[in-house]
Amino acid sequence: MTTRNRVLIVHGVNLGMLGRRPAEIYGGITFDQLEQRIAVFAHELNLEPRFFQTNHEGALVEHLHRADDRADAIVINPGAWTHYAWSIRDALEIAALPTVEVHLSDVDAREEFRRISVIRDLCVETVKGEGVEGYRTALTRIKKELEL
Ligand code: DQA
């Protein structure tokens, strides 16, 4: 039997601009550095990470349509799409893979509009406000979900 350990790490709109976004909210890390840290966390947990970032909602929807071919689980930080993109929610439902939602910042302690997540109830867990370490928390939860 093949190991079910492939995790799709998805970043949505504007997350590729980390490093140019407010450091007091998101930390000073660049997006490349973030992906490198996540890869280390994943390998420490014997998970195989696959990365995808886009600023195009339709591109993310189509990527999620094919997610079950290339992944066993999803870790997703949709950025601002979290708060209003019903198309991303529906695509996640279609993907039907165990999913953890991650936010670098504590979205519940910021502006009112960030308290809404249209994907939260589809996710096995939401991790927020832990910065980069939140991805380790998310991957640990995925590992448990995949019974690895
Ligand atoms: C974010 C929080 C969102 O509200 C925001 O739009 C982002 C990043 C986070 O990681 O804290 O782009 O998802």
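The structure displayed is predicted, hence computed values, not measured ones.

K.L.:
I'd like a description of the sheet that holds strand β1 (residues 6-13), backed by residues and values.
P.N.:
Consider a sheet: its strands pair through backbone hydrogen bonds, and that pairing is either parallel or antiparallel. Overall, parallel pairing links the five strands, which are arranged β2-β1-β3-β4-β5 in an open sheet. Edge positions in the sheet fall to β2 (48-53) and β5 (125-128), since each has one partner strand and no second. For this sheet the average axis-to-axis angle between neighbouring strands, irrespective of direction, equals 20°. As judged from the six bridges shared by β1 and strand β3 (residues 73-79), these two strands associate in the parallel manner.

K.L.:
Now, about the site of the ligand: what can you tell me, with residues and values included?
P.N.:
Around the ligand sit Arg 21, Tyr 26, Asn 77, Gly 79, Ala 80, His 83, His 103, Leu 104, Ser 105, Val 107 and Arg 114, and that is every residue in its neighbourhood. In the environment of the ligand, an oxygen atom lies 2.7 Å from a nitrogen or oxygen atom belonging to the side chain of His 83. In this structure, Leu 104 approaches the ligand through a main-chain N or O atom, which is 2.8 Å from an oxygen atom. Contact with the protein chains covers 99% of the free accessible surface of the ligand, which is 320 Å². Grouping the constituent residues of the shell around the ligand by class yields four nonpolar, five polar and two charged.

K.L.:
If you had to explain the side chain of Ser 105 to someone new, which residues and values would you point to?
P.N.:
Assignment of secondary structure puts Ser 105 in the loop between β4 (99-103) and β5. Filtering out sequence-adjacent residues up to four positions away, Ser 105 remains in contact with Ile 25, Tyr 26, Arg 110, Lys 128 and Gly 129.

K.L.:
Provide a residue-level description of the nonpolar core, including the pertinent values.
P.N.:
By size, the foremost hydrophobic cluster in this structure holds 25 residues, and its most contacted members are Leu 34, Val 75, Leu 104, Tyr 135 and Leu 139. Contributing elements (two or more residues each) for this core: β1, α2 (31-44), β3, β4 and α6 (133-145). Ranked by the residues each element gives to this core, the list is headed by α2, at five residues. When sequence neighbours within four positions are dropped, the list of residues in contact with Leu 139 reads Val 7, Ile 9, Ile 38, Phe 41, Ala 42, Leu 45, Leu 47 and Val 75. Counting residues in each nonpolar core, the second largest holds 21 residues, with Val 10, Ile 88, Ala 95 and Val 118 among its members.

Reading guide: rules and limits
- Residues numbered from 1 in each chain as written.
- Predicted model: local features only at pLDDT ≥ 70, side-chain atom pairs only at ≥ 80, totals over all residues.
- Heavy atoms only, no water.
- Pairing = 2+ DSSP bridges.
- Helix = DSSP H or I, 4+ residues; strand = E, 2+ residues; numbered from the N terminus.
- Axes fitted to C-alpha atoms, helices over the stretch in contact; angles between N-to-C directions.
- Near = heavy atom within 4 Å.
- Polar contact = N/O pair within 3.5 Å; in protein donor to acceptor, adjacent residues only side chain to side chain.
- Areas by Shrake-Rupley, 256 points an atom, 1.4 Å probe, with all protein chains shown as cover.
- Nonpolar A, V, L, I, M, F, W, Y, C, P; charged D, E, K, R; others polar.
- Contact = heavy atoms within 4.5 Å.
- Core = buried A, V, L, I, M, F, W, Y, C linked by side-chain atoms within 4.5 Å.
- Buried < 20%, exposed > 50% of the residue type's maximum accessible area, 1.4 Å probe, protein only.

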